[in-house]
Amino acid sequence: MTFGKPGEIWLATLFQSPSQQWLLTDSLTAKAEPEPFVGATQVWVFYNIAERSPKRETIWHLYRAETPLRQEGQ
């Protein structure tokens, strides 16, 4: 989920009471297409950052943000 500040990626629980939210990234760099990946013991969010090269080309970099979510029982 995203809010009004550029560069932020937030994660929120949906089926938990009370719900929880985490700020995963807080830089002002523009980010695109955050995608969660749920593994057996961890959850990560992958996202892209566009960077301009000296030749005025756009170079995309893939990053990963770790989350505080863990599999139940661990």
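In the block above lies the structure referred to throughout.
Parameters at a glance
- Residues numbered from 1 in each chain as written.
- Predicted model: local features only at pLDDT ≥ 70, side-chain atom pairs only at ≥ 80, totals over all residues.
- Heavy atoms only, no water.
- Helix = DSSP H or I, 4+ residues; strand = E, 2+ residues; numbered from the N terminus.
- Contact = heavy atoms within 4.5 Å.
- Core = buried A, V, L, I, M, F, W, Y, C linked by side-chain atoms within 4.5 Å.
- Buried < 20%, exposed > 50% of the residue type's maximum accessible area, 1.4 Å probe, protein only.
- Salt bridge = Lys/Arg side-chain N within 4 Å of Asp/Glu carboxyl O.
- Polar contact = N/O pair within 3.5 Å; in protein donor to acceptor, adjacent residues only side chain to side chain.
- Pairing = 2+ DSSP bridges.

Draft legend 1. Region of interest: the side chain of Asn-48. The topology assignment puts Asn-48 in strand β4 (residues 42-52). Not counting chain neighbours up to four residues away, the residues in contact with Asn-48 comprise Ala-30, Lys-31, Ala-32, Glu-33, Trp-60, His-61 and Leu-62.

Draft legend 2. How the structure looks around the nonpolar core. Membership of the largest hydrophobic core is limited to eight residues, which are Ile-9, Leu-11, Trp-22, Leu-24, Val-45, Tyr-47, Ile-49 and Ala-65. Looking at this core, the elements that each hand over two or more residues are β1 (9-12), β2 (21-25) and β4. Sorting elements by how many residues they give to this core places β4 first, with three residues. The contact partners of Trp-22, leaving out residues within four places of it in the chain, are Ile-9, Trp-10, Leu-11, Thr-13, Pro-68 and Leu-69.

Draft legend 3. Up close: the pattern of salt bridges. Tallied over the full model, the rule gives one salt bridge. A salt bridge links Glu-66 to Arg-64; the shortest N-O distance between them is 3.7 Å. A relative accessible area of 53% places Glu-66 in the exposed class.

Draft legend 4. Quick look at unusual backbone geometry. Phi at Arg-56 is positive, roughly 65 degrees, even though this residue is not glycine. Mapped onto the elements, Arg-56 comes out in the loop between β4 and β5 (58-70). For Arg-56, a relative accessible area of 74% gives the class exposed.

Draft legend 5. Quick look at the environment of Pro-36. Within the secondary structure layout, Pro-36 lies in strand β3 (residues 31-38). The class of Pro-36 is exposed, set by a relative accessible area of 54%. Through-space distance from the C-alpha of Pro-36 to that of Arg-64 is 9.5 Å; in sequence the pair is 28 residues apart. Ignoring anything within four residues of it in the chain, the contact list for Pro-36 reads Trp-44 and Val-45.

Draft legend 6. Molecular detail of the side chain of Thr-67. In this fold, Thr-67 is placed in strand β5. Here the side chain of Thr-67 touches Val-43 through a polar contact of 2.7 Å, landing on its backbone oxygen. With near-sequence residues (within four places) excluded, Thr-67 lies in contact with Leu-11, Leu-24, Gln-42, Val-43, Trp-44 and Val-45.

Draft legend 7. Up close: the pairing of β4. Sheet topology note: the β3/β4 ladder contains six bridges and is antiparallel. The residue bridging Phe-37 from the neighbouring strand is Trp-44, located in β4. Where β3 folds back on β4, the antiparallel hairpin that results is connected by three residues.

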